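Structural overview
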Amino acid sequence: MTTEATSIEVDQYLPHPPAKVWRALTDPDRLARWLMPNDFTPVLGHRFTFRTTPRPGFDGIVHCRVLALEPERLLRWAWQGGTLDSTVTWTLTAEGRGTRLFLRHDGFDPGDPFQRQALRIMGGGWRSHVMRALEAELAG
């Protein structure tokens, strides 16, 4: 029996202290530079959106809500777009002079063709494009 993936996990070391990584995750202008344009505010329960290019089955708007917020430690969003109703969790751990950043994007339904495709595309995007963009934002 094979088990299909229902989440994306990324483990990334960043040579910057947790406070700096936290600012990149929670400042809406910085977040827009490395992830997507948004109206994010780091307040528990805040509803916000990310906007990107529409695709078949997806209008380009990700509807989100802040579910958990522990400064410099944990940030969790509800993440809804198309048929996807999921969560994105960022966990920061100090490591030496830097930060170990864990990303977990949960809630993909392997029985939904749109979500299987989203899992594949977003998995590659979170691991490569997004983490590289975050690293560039932190370095810049």
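Read on for a plain summary of the structure. (Residues numbered from 1 in each chain as written. Predicted model: local features only at pLDDT ≥ 70, side-chain atom pairs only at ≥ 80, totals over all residues. Heavy atoms only, no water.)

1. So, unusual backbone geometry
Even without being a glycine, Glu72 presents a positive backbone phi close to 65°. Its place among the elements puts Glu72 in the loop between strand E3 (61–70) and strand E4 (74–81). (Helix = DSSP H or I, 4+ residues; strand = E, 2+ residues; numbered from the N terminus.)

2. Examining the side chain of Asp112
Turning to its location among the elements, Asp112 is positioned in the loop between strand E6 (98–106) and helix H3 (113–139). Although buried, Asp112 forms no salt bridge, and the nearest oppositely charged side chain, Arg116, lies 6.8 Å from it. (Buried < 20%, exposed > 50% of the residue type's maximum accessible area, 1.4 Å probe, protein only. Lys, Arg positive; Asp, Glu negative; His and termini not counted. Salt bridge = Lys/Arg side-chain N within 4 Å of Asp/Glu carboxyl O.)

3. Considering the packing of aromatic side chains
Applying the stated criterion across every chain yields a total of eleven aromatic pairs. Here the aromatic rings of Trp34 and Trp90 are separated by 5.8 Å at their centres, their planes lie at 85°, and the arrangement is edge-to-face. Note that Trp34 is positioned in helix H2 (residues 28–34) and Trp90 in strand E5 (residues 84–95), a separation of 56 residues in sequence. Exposure class is identical for Trp34 and Trp90. Each is buried. By the ring-pair criterion, three or more aromatic residues cluster together here, those being Trp34, Phe40, Phe48, Phe50, Trp77, Trp79, Trp90 and Trp126. (Phe/Tyr/Trp six-rings, centres within 6.5 Å; stacked < 30°, edge-to-face > 60°.)

4. Some points on the side chain of Glu137
The topology assignment puts Glu137 in helix H3. On the basis of relative accessibility, which here comes to 17%, the residue Glu137 falls in the buried class.

Remember, this is a structural readout, not a statement about activity or role.
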